[in-house]
Amino acid sequence: DAGLLPAAGGGIRRVHNKMKIALRVDVDTYRGTRDGVPNLCRVLDKHGVRAAFFFSAGPDNMGRHIWRLLKPAFLWKMMRTRAASLYGMDILLMGTMWPGPKIGKNLASVIRACAEAGHEIGVHAWDHHGWQAHVDQMSPEAIYEHIRKAYDELERITGKAPTCSAVPGWKCVESTLVVKERFHFKYNSDCRGSGIFIPVVEGKELTTPQMPLNMPTYDEMLGKNGVTNENYNERLLATVQEDSYNMLTIHAEAEGGACMKMFDEFLTMAKARGITFTAPGDLLPADTASLPRASIVKGEIPGREGWLALKG
């Protein structure tokens, strides 16, 4: 597992392959599915990398987030990341004047091809905007129906039950974790934090492991602390921890779109540093019962507007 690389000042240094990143792809929108997913599948195939793709399977109503521009933190984020040029106006306005198009219904061939390429297929949402905007007010049965519709659609498309799930925007309440037990996912990825754990809700241990995100996303880093597109890859690689848990989330709309070349270069740079990539499910221990226990709590992190779930 070791390789040889040039050392600063000449000579050779030995690099041990002890750094590994679990890679997940969030697919939030119609265009992200149609264009971003095939783009990312080609890039990942080029580098021999497997990932987990979490799909929004129902209507694309993401343009309805436009009301959040009234919130200073969200407006600043949109300006900082140059959202109009990064995502495109069709994404930013989708579903505002008319019902959004059904992603799974219209783009089944794209999702099927992703599954056939060997990537993990997971549930992100039925209606991404609907989840982010209303999960706080949703009853357990409403949460179940939302997840079930996406689950059934992905199973119909791929011929196999989705193996994992990840809520939009890391907006997860405790009742969501309880509801998800009914789907028997291999793992969920619903919160921020470090290290795989078994969730505890109101003193009761659940059975489905939780795989939190601990690396920052592109939109959380860009435009802060001197981070630009030119130095983003270096700054992101600096957050990778040796001999430790690392999970990175990329987005089909960004790294599969305007940032695709940059992501391709990121994979090349990571390989040169002895960093390997894996689908998250491959990091699960054979005996998940031995995993540590933890709760989830609401909190905030720099670069992201509003609350999200954190490992307690």
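These figures come from a predicted structure and were not determined experimentally. Counting restarts for each chain, with residues numbered from 1 along the sequence as it is written. The predicted origin of the model limits local features to residues at a pLDDT of at least 70 and limits the giving and counting of side-chain atom pairs to 80 or more, whereas totals for whole chains, interfaces and linings rest on all residues. Note: side-chain values were computed over all heavy atoms of the structure, leaving out hydrogens and water.

Examining unusual backbone geometry
Part 1: Phi angles above zero are rare outside glycine, and Trp-170 is one such case at about 55 degrees.
Part 2: What counts as a helix is a DSSP run of H or I of at least four residues, what counts as a strand is a run of E of at least two, and both are numbered from the N terminus. Mapped onto the elements, Trp-170 comes out in the loop between strand S6 (164-165) and helix H9 (174-180).
Part 3: We call a residue buried when its accessible area falls under 20% of the maximum for its residue type, exposed when it is over 50%, and partly exposed in between, using a 1.4 Å probe and counting protein chains only. Looking at Trp-170, the relative accessible area reads 1%, which means it is buried.
Part 4: The phi angle at Asp-243 is positive, at roughly 55 degrees, despite the residue not being glycine.

Remarks on helix H6 (residues 108-116)
Think of an α-helix as turning once every 3.6 residues; residues three or four places apart then point the same way.
Part 1: The complete set of buried residues in H6 reads Ala-108, Val-110, Ile-111 and Cys-114. Along the long axis of H6, the arc covered by the buried residues comes to 165 degrees, so they all point the same way. Residues of H6 that are exposed and angled more than 90 degrees away from the buried face: Ser-109 and Glu-116.
Part 2: Pairs of residues are marked as contacts when any of their non-hydrogen atoms sit within 4.5 Å. In this structure, the buried residues of H6 make contact with helix H1 (30-47), strand S4 (52-56), helix H5 (103-106), strand S5 (120-125) and helix H8 (140-158). In this description, the arc belongs to the directions extending from the helix axis to the C-beta atoms.

Notes on the sheet that holds strand S9 (residues 204-205)
Either a parallel or an antiparallel arrangement is found when strands of a sheet pair, and the pairing is made through backbone hydrogen bonds.
Part 1: Any two strands with at least two DSSP bridges between them are considered paired. Strands sit in the order S9-S8-S12 across an open sheet of three strands; the sheet is mixed. Either end of the sheet is taken by a strand with one partner, and the two such strands are S9 and strand S12 (293-294).
Part 2: Both strand S8 (residues 198-201) and S12 contribute to a ladder of two bridges, which runs parallel. In the strand pairing of S12, Pro-199 is matched with Ala-294.

What about the packing of H1 against helix H13 (residues 260-272)?
Part 1: Structural elements are reduced to axes, namely lines fitted to C-alpha atoms, with helices fitted over the stretch in contact, and the angle between N-to-C directions of any two is expressed from 0 to 180 degrees. Put simply, H1 and H13 touch, their axes get as near as 10 Å, and they point 20 degrees apart. The orientation of H1 with respect to H13, classified from their angle, is roughly parallel. The way H1 lies across H13 gives a crossing that is right-handed. Contacts from Asn-39, Leu-40, Val-43, Leu-44, Lys-46 and His-47 of H1 reach H13 at Met-260, Phe-263, Asp-264, Leu-267 and Thr-268.
Part 2: The residue makeup of the contact of H1 with H13, split by class, is six nonpolar, three polar and two charged. Throughout, the term roughly parallel applies to angles under 35 degrees, roughly antiparallel to angles over 145, roughly perpendicular to angles from 65 to 115, and oblique to all others. Helix crossings are classified by the rotation of the near helix relative to the far one: an anticlockwise turn of less than a right angle makes the crossing left-handed, while a clockwise turn makes it right-handed. Here the nonpolar group is Ala, Val, Leu, Ile, Met, Phe, Trp, Tyr, Cys and Pro; Asp, Glu, Lys and Arg are the charged ones; every other residue, Gly included, is treated as polar.

Considering the side chain of Gln-132
Part 1: On the secondary structure map, Gln-132 appears in helix H7 (residues 128-134).
Part 2: Side-chain atoms alone can form a polar contact between residues adjacent in sequence; in general such a contact is a pair of N or O atoms within 3.5 Å, and within protein one must be able to donate a hydrogen while the other accepts it. Only 3.2 Å separates the side chain of Gln-132 from the side chain of His-128, close enough to count as a polar contact.

Things to note about the nonpolar core
Part 1: One finds Leu-23, Val-37, Phe-53, Phe-55, Phe-263, Phe-266 and Phe-277 to be the most contacted residues of the largest nonpolar core, which totals 67 residues.
Part 2: When residues of this core are assigned to their parent elements, the largest contribution, seven residues, is made by H8.
Part 3: Excluding residues that lie within four positions of it along the chain, Phe-266 makes contacts with Ile-21, Asn-233, Leu-236, Leu-237, Leu-248 and Phe-277.
Part 4: Take the buried residues of types Ala, Val, Leu, Ile, Met, Phe, Trp, Tyr and Cys, join any two whose side-chain atoms come within 4.5 Å, and each joined set is a nonpolar core. If you look at the next biggest cluster of nonpolar residues, it comprises 18 residues, including Ala-22, Met-247, Leu-308 and Leu-310.

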